[in-house]
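Per-entry structural report
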Amino acid sequence: MMSKTENPMRKISIDKVVINIGVGAAGERLNKATKVIELLTGHKPVITTAKKTIRDFNIRKGLSIGAKVTLRKADAYKFLKEAFYAKDYKIPVYSFDRQGNAYFGITDYTDFKGMKYDPDIGIFGMDIAIVLKRAGGYRLPRRRIGSKGIPTSIGISREESIKFLEENFNAQIVR
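This text gives an overview of the structure that appears in the document.

**Points about the environment of Glu167**
- Looking at the secondary structure, you find Glu167 in helix α3 (residues 158-169).
- What makes Glu167 exposed here is its relative accessible area of 54%.
- Separated by 120 residues in the primary sequence, Glu167 and Ile47 place their C-alpha atoms 34 Å from one another.

**Thoughts on the pattern of salt bridges**
- Evaluated as defined, the whole model comprises 5 salt bridges.
- Between Arg142 and Asp15 there is a salt bridge; the shortest N-O distance is 3.9 Å. With Arg142 in the loop between β6 (126-134) and α3 and Asp15 in strand β1 (residues 12-22), this residue pair connects regions lying 127 residues apart in the sequence.
- Taking the relative accessible area as the measure of exposure, Arg142 reaches 57% and is therefore exposed.
- Its salt-bridge partner being Glu167, residue Lys163 comes within 4.0 Å of it at the nearest N-O pair. Here Lys163 pairs with Glu167, and both are found in helix α3, just 4 residues apart, close to one helical turn.
- Residues joined by salt bridges that share partners form a network here, namely Arg10, Arg134 and Glu160.

**Comments concerning the nonpolar core**
- Of all hydrophobic cores here, the largest spans 41 residues; its most connected members are Phe79, Phe84, Phe112, Met126, Ile128 and Leu165.
- Of all elements in the fold, only β1, α1 (28-41), β3 (64-71), α2 (73-86), β5 (102-106), β6 and α3 reach the threshold of two or more residues within this core.
- Take this core: its biggest share by element is 6 residues, from α2.
- The residues touching Phe112, leaving out its near neighbours within four places in the chain, are Leu40, Phe79, Glu82, Ala83, Ala86, Ile106 and Met126.

**As for the side chain of Asp15**
- The buried category is assigned to Asp15, whose relative accessible area is 15%.
- Leave out the neighbours within four places in its chain, and Asp15 touches Arg72, Val131, Leu132, Lys133 and Arg142.

**A closer look at the environment of Phe57**
- Assignment of secondary structure puts Phe57 in the loop between β2 (46-49) and β3.
- Taking C-alpha positions, Phe57 is 8.3 Å from Gly24, a pair spaced 33 residues apart along the chain.

**Some words on α2**
- Along its 14 residues, α2 runs 20 Å from first to last C-alpha, staying within 8% of the 20 Å computed at 1.5 Å per residue.
- At the exit of α2 stands Asp88, carrying a positive phi of roughly 60 degrees.

**Considerations on the sheet that holds β5**
- Spatial strand order, β2-β3-β1-β6-β5: 5 strands in an open sheet with antiparallel pairing. Lying at the two open borders of the sheet, with one neighbouring strand each, are β2 and β5. On average, each strand axis in the sheet is inclined to that of its neighbour by 25 degrees, with strand direction left out of account.
- Where β5 and β6 come together, 5 bridges link them in antiparallel fashion. Opposite Tyr103, over in β6, you have Ala129 as the bridge partner.
- Contacts from α1 reach β1, β2, β3 and β6 within the one sheet, and its direction differs from that of β3 by about 10 degrees.
- Strands β1, β5 and β6 of the sheet are contacted by α3, whose axis makes an angle of about 90 degrees with β1.

Each value, and the rule that gives it
Numbering of residues starts from 1 in each chain and follows the order in which that chain's sequence is written. Only residues with pLDDT of at least 70 are given local features in this predicted model, and only at 80 or more are side-chain atom pairs given and counted; all residues enter the totals for whole chains, interfaces and linings. Only hydrogens and water are set aside; all other atoms, that is, all heavy atoms of the structure, feed into the side-chain values. In this text, helices come from DSSP runs of H or I with a minimum length of four residues, and strands from runs of E with a minimum of two, each type numbered from the N-terminal end. Here the term buried applies to any residue with accessible area under 20% of the maximum for its type, exposed to any over 50%, and partly exposed to those in between, with areas from a 1.4 Å probe on protein chains only. One side-chain nitrogen of Lys or Arg within 4 Å of one carboxyl oxygen of Asp or Glu is enough to make a salt bridge. Only buried residues count toward a nonpolar core, which is a set of Ala, Val, Leu, Ile, Met, Phe, Trp, Tyr and Cys residues joined through side-chain atoms within 4.5 Å. Residue contacts follow a heavy-atom distance rule, with two residues in contact if any of their heavy atoms lie within 4.5 Å. Multiplying one less than the number of residues by 1.5 Å gives the expected span of a helix. The criterion for strand pairing is that DSSP finds at least two bridges linking the strands in question. In this description, a line fitted to the C-alpha atoms serves as the axis of each element, helices being fitted only across the stretch in contact, and the angle between N-to-C directions of two axes falls anywhere from 0 to 180 degrees.

None of this, on its own, says anything about what the molecule does.
So, in structure tokens, the structure goes:
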């Protein structure tokens, strides 16, 4: 229960969790990456495409190079608990940005609880992005009339996001 002095509109919650696997090329490997994301989240992933051509890596603009899925609400909390278990509840402090978002990677999908290595799939790592928001004020940049940036009084600092993850997920921040 909140005290009378604590403003309920300043409460921090998870806006979304984005899981991304970058493969670098279309084909069979991309299909396997989508299968891994579907196994972990239970959601159908979206195929991501290259935004520009990079000759050195044989990537053309518009080429399918990865897969991602966005989780919100209860699905996001459930997946984060499993992801923190895979990371042994430890996240480096440099994983947090100034806006209070957190980013970390998992080197192998078999680190998740209950996942076994499948030789048909192979080894896939993934990037996980956690976007936090407050109960009030997150609509300011999204509204049609009078849109503006989020003021620093409403924004989430790095320290607040660290405290949120420590309290809700028992995460240890490695400094």
